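Structural features, examined
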Amino acid sequence: MRKAFSSRIARSEPTLEQRLLLLFRGSDDGILSGESIGSFLNISRTAVWKHVKRLRDKGYRIDAVPARGYRLVAAPDALTENELAPGLSTTRIGCRIVSVPATGSTNQLAFQLADEGAADGTVVIADTQTGGRGRLGRRWESPPGVNLYCSVIIRPPIPPLHAPQLTFLSAVAVSRAIEATTRLRPRIKWPNDVLVNDRKVAGLLNEMNAETDTIHCVVLGIGVNLNMERSQFPDGLRQPASSLFLESGAAVDRREFTRALLAELDALYDGFLRNGFGETRDEWLARSMLVGKRVSVSFGESETSGEVGGIDADGALLLRRGDGSIERVLAGDVAIL
Ligand code: BT5
């Protein structure tokens, strides 16, 4: 028997390190005496020193200012819980953020954590992936320091049959986050791509652990090319690809983008659990680049074509064929004709 999980888990209290960072960031000149830190956090001077050292070990530059105390000079450009949690006001998504410098695939790590009981809304982020996965065993290029690779563990009380609906949540959340942090206008391509100026900037890979009628967990894998440079894209990608930086000309603050994404996902997931798939589906359709277009969809050896009418309640693509019949397509790669 697997453990049952509460569907609503409040974000845990900030840790001492997070409170220390908040203190530094809230102080006028960025300098705090060991004594004042100790009294704010109710810890000894030795404990203050230990926490400062721990932050330094994590890449924070904290200088000692003679006779005055400590000054936070620079924070690492890292997508850690310390950097993301302050200012993140979600109810589920991001209740816990597990951040690692490198892993094979964040989806794989998320499944391991889910097996160990990780709660609904746990987010796994890696700075780089050595075996980033696309669909059908394809590879997802994941260079360090520039992009976002994250996997969100959710445990929705829905039948496994409806799980494909969740891909649409991720696609809408990524699109909203792009709009919230850049001036770009993203479009969604069924089933799992987000494009800017017809170039792919994000890919989604949802995977599930389920039995016939019960979902144990769904892992929403989200890869967004934020600051990737042209030279970091290998030749021969399936379709033209780009990053938000390349399309907008401005570097994206990875922390700001990640917080925006988690907030949008939280809001959409909350609406999904309360009111079902309808709202996400409507927004997805409004953002879709395919509706009304003639497309061909290939899956392995098979290929079909028609005019896109929309998606149905299960997230299947609805194709109107030449003879007027409607075909439901559950998976495949789409090309616009
Ligand atoms: C996808 O597959 O688009 C799903 C990508 C999901 C990646 C995230 S990152 C976090 C999480 N952890 C993982 O291990 N995966 C998820 P698909 O539609 O099959 O597209 C894959 C194809 O896109 C590849 O075969 C390449 O041609 C191309 N591609 C590879 N890396 C890319 C990149 N960074 N940007 C754009 N296109 C890329």
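Details of the structure are given in the entry above.
A brief look at the structure comes next. (Residues numbered from 1 in each chain as written. Predicted model: local features only at pLDDT ≥ 70, side-chain atom pairs only at ≥ 80, totals over all residues. Heavy atoms only, no water.)

1. Quick word on the layout of surface pockets
Rule in force here: Cavities and pockets are defined on a 1 Å grid built over the protein atoms alone: a cavity is a set of grid points where a 1.4 Å probe fits but cannot escape, while a pocket is an open set with protein on both sides within 12 Å along at least five of seven lines, and lining residues are those with an atom within 4 Å of any such point. Grid points are joined across faces, edges and corners, and a volume is the space filled by probe spheres set on the points. Strands here mean DSSP runs of E at least two residues long; helices mean DSSP runs of H or I at least four residues long; both are numbered from the N terminus. Classes in brief: Ala, Val, Leu, Ile, Met, Phe, Trp, Tyr, Cys and Pro nonpolar; Asp, Glu, Lys and Arg charged; the others, Gly included, polar.
In this structure, the largest pocket spans a volume of roughly 700 Å³. If you trace the largest pocket, you find 37 residues lining it, with Gly134, Arg139, Trp140, Lys200 and Arg238 closest to the centre. Taken together, the elements giving at least two residues each to the lining of the largest pocket come down to α5 (106-115), β6 (148-154), β9 (199-210), β10 (215-224) and β15 (333-336). Looking at the lining of the largest pocket residue by residue, the classes come out as 14 nonpolar, 13 polar and 10 charged.

2. Remarks on the site of the ligand
This is how it is decided: If even one non-hydrogen atom of a residue comes within 4 Å of a molecule or strand, that residue is called near it. Throughout this description, a polar contact denotes any pair of N or O atoms lying within 3.5 Å of each other; where both atoms belong to protein, one of them has to be capable of donating a hydrogen while the other can accept it, and for residues adjacent in sequence the pair is counted only when both atoms sit in side chains. In this description, accessible areas are obtained by the Shrake-Rupley approach with a 1.4 Å probe, and a residue is regarded as covered only by the protein chains that are shown. Criterion for pocket placement: a molecule counts as inside a cavity or pocket if more than half of its atoms are within 2 Å of its grid points.
Of all residues adjacent to the ligand, which total 27 residues, the nearest are Ser105, Arg133, Arg138, Lys200 and Asn225. Between glutamate 141 and the ligand, the recorded distance is 2.9 Å, taken from a backbone N or O atom to a nitrogen atom. Side-chain polar atom of asparagine 192 to an oxygen atom of the ligand: 3.5 Å apart, as the coordinates give it. Taken by itself the ligand offers 800 Å² of open surface, and the protein chains cover 96% of this. Of all the cavities here, the one that holds the ligand is the largest pocket. At 4 residues, β9 tops the list of elements feeding residues into the shell around the ligand. Of the residues belonging to the shell around the ligand, the class tally is 7 nonpolar, 12 polar and 8 charged.

3. Quick look at the environment of isoleucine 125
Applicable threshold: Relative accessibility under 20% of the residue-type maximum defines a buried residue, over 50% an exposed one, and the middle range a partly exposed one, all with a 1.4 Å probe and only protein chains included. Note on definitions: a residue-residue contact is assigned when non-hydrogen atoms from the two residues lie within 4.5 Å.
Mapped onto the elements of the fold, isoleucine 125 is located in strand β5 (residues 123-129). We classify isoleucine 125 as buried; its relative accessible area is 0%. Distance from isoleucine 125 to arginine 139, taken between C-alpha atoms, is 17 Å for residues 14 residues apart in sequence. Those residues within four positions of isoleucine 125 in sequence are excluded, and the remaining contacts are Leu79, Leu84, Ile97, Val98, Ser99, Val100, Thr106, Leu148, Tyr149, Cys150 and Thr258.

4. Some words on the pairing of strand β4 (residues 97-103)
Stated precisely, the cut-off is as follows: Strand pairing is assigned whenever DSSP detects at least two bridges linking the two strands.
As judged from the 6 bridges shared by β4 and β5, these two strands associate in the parallel manner. Bridge pairing in β5 places isoleucine 97 opposite valine 123.

5. Brief notes about the packing of aromatic side chains
How two aromatic rings sit relative to each other is set out by the distance from centre to centre and by the angle between their planes. Which entries qualify depends on this criterion: Between the rings of Phe, Tyr and Trp (Trp by its six-membered ring), a pair exists once the centres lie within 6.5 Å; its type follows the angle of the planes, with under 30 degrees stacked, over 60 edge-to-face, and the other angles tilted.
Applying the stated criterion to the full structure yields 2 aromatic pairs. With a centroid separation of 5.0 Å and 80 degrees between ring planes, the pair formed by phenylalanine 168 and tryptophan 284 is classed as edge-to-face. With phenylalanine 168 in helix α6 (residues 165-181) and tryptophan 284 in helix α9 (residues 278-287), this residue pair connects regions lying 116 residues apart in the sequence. Comparing phenylalanine 168 with tryptophan 284 shows no difference in burial state: the two are buried. Ring pairing ties together the aromatic residues Phe168, Phe277 and Trp284, which thus form one cluster.

6. Comments concerning the sheet that holds strand β1 (residues 31-32)
Strand order in the open sheet made by the 3 strands is β1-β3-β2, with antiparallel pairing throughout. Both edges of this open sheet fall to β1 and β2 (61-65), since each of them pairs with a single strand only. Pairing geometry for β2 and strand β3 (residues 69-74), over 5 bridges, is antiparallel. If you follow valine 65 over to β3, its bridge partner there is glycine 69.

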